Amino acid sequence: MLFRSVSQSRYTEVDYKIHSTEEKIELESSHLQTLEQNNDALKKQKMVQISDYEKQASDVKEQTTKLLDEITELSSTIADQDKVRARLEKVSTLARQIRSRYDSIVKETEFFHANHDCPTCRQGIANEHRSKIVDEANGKLAEIKQGEQKITEELDRLNTRLSDISNVLSVISTKQTEAHTYQIRSAQLEQFIQSIKAELEQLSETKQFEGTKDSLKELKRSLLTFKGEKEQLINHRAVLEVAGVLLKDAGIKTKIIRQYIPVINKLINKYLAAMD
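Residues numbered from 1 in each chain as written. Predicted model: local features only at pLDDT ≥ 70, side-chain atom pairs only at ≥ 80, totals over all residues. Heavy atoms only, no water.

Caption draft 1: Spotlight on the overall build of the chain. The helix and strand inventory of the chain stands at five helices and zero strands. Order of helices (α) and strands (β) in the chain, N terminus to C terminus: α-α-α-α-α. Put simply, of all contacts in the chain between residues at least 6 apart along the chain, 85% involve residues at least 24 apart. Of the roughly 20500 Å² of accessible surface on the chain, a fraction of 54% belongs to carbon and sulfur atoms. (Helix = DSSP H or I, 4+ residues; strand = E, 2+ residues; numbered from the N terminus. Contact = heavy atoms within 4.5 Å. Areas by Shrake-Rupley, 256 points an atom, 1.4 Å probe, with all protein chains shown as cover.)

Structural data, given as structure tokens:
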């Protein structure tokens, strides 16, 4: 009876461990499934982010290329800017020189208009000589004015061209700033994409669930062990029950007695007859 009581106690303990382990396996499996589902959802979210950033990067690249093409085209329209500036400087210098020459002749003319005597030798200046000098000076002034007119027109043309060049340069500068902004944005997007790809790679690794999976494997191994022990206890209990039945009065003992009583009775009768 004591042996059967101990076996029953162990059976109850093992049965409890089986149910407890099965509950733990169910919880761990559910937990692992939740982790994997969350991981899959997060991976999908990361892939959507990558797709969105790649679309933005493509648009930014397209805008940058468009701006750079426009800058190249605009730059080709002002390829003469160095020549224009050099020409303007040269013509401006010539204009100053001509103006200086013009002013000098005017002063000389004014002198002969205002003076009849030479200030150096104090001798009188003949009217014929004075008139000749003034006439020559006026002729030179007329030529200079014609030249100045042409120079003024050239300066206007060069200044207009330089103004156009300045406007184009302003547009180019604005577009270069925009292109630089796009290039910075493109670099940022590429960093975002690489960073998310690294995160996605980590999410795709199986190592992150190894702890939970190892725990689940260990629980399943324990469950198999407990079930094996339970089966052994069940078999052992069955043997004990059969043995108990056989050892009861209505069991094998009765069958043995019934089988051998006639033989015993015969022997007794035989011994009694011999005694008579």
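Caption draft 2: Structural detail: the nonpolar core. Core analysis: the largest hydrophobic core is formed by 18 residues, its most contacted members being I151 and L155. Secondary-structure elements contributing two or more residues to this core are helix 2 (81–114) and helix 3 (127–204). Here this core gets nine residues from one element, more than from any other, and that element is helix 3. Contact partners of L155, with chain neighbours within four places excluded, come to L88, V91, S92 and A95. Residues V14, I18, I25 and L219 belong to the second largest nonpolar core, which totals 10 residues. (Core = buried A, V, L, I, M, F, W, Y, C linked by side-chain atoms within 4.5 Å. Buried < 20%, exposed > 50% of the residue type's maximum accessible area, 1.4 Å probe, protein only.)

Caption draft 3: Highlighting the confidence of the model for the chain. Within the chain, residue pLDDT values average 80, and 75% of them lie at 70 or more. Mean pLDDT across the elements of the chain bottoms out in helix 5 (residues 252–275) (64) and peaks in helix 3 (88). (pLDDT = per-residue confidence, 0-100.)

Caption draft 4: Up close: the environment of Q149. Relative to the elements of secondary structure, Q149 occurs in helix 3. Residue Q149 is classed as partly exposed on the basis of its relative accessible area, which comes to 46%. Taking C-alpha positions, Q149 is 9.9 Å from A95, a pair spaced 54 residues apart along the chain.

Caption draft 5: Seen up close, the environment of V14. Among the structural elements, V14 can be located in helix 1 (residues 2–77). In this structure V14 touches F226, E229, K230 and L233, once residues within four positions along its chain are discounted.

Caption draft 6: Structural view of the pattern of salt bridges. Evaluation of the coordinates by the stated rule reveals 11 salt bridges. Taken together, the shared-partner salt bridges connect R87, E154 and R157 into one network. (Salt bridge = Lys/Arg side-chain N within 4 Å of Asp/Glu carboxyl O.)

Caption draft 7: Highlighting the environment of K44. Residue position: K44 is located in helix 1. Residues K44 and L200, spaced 156 residues apart in sequence, show a C-alpha to C-alpha distance of 9.1 Å.

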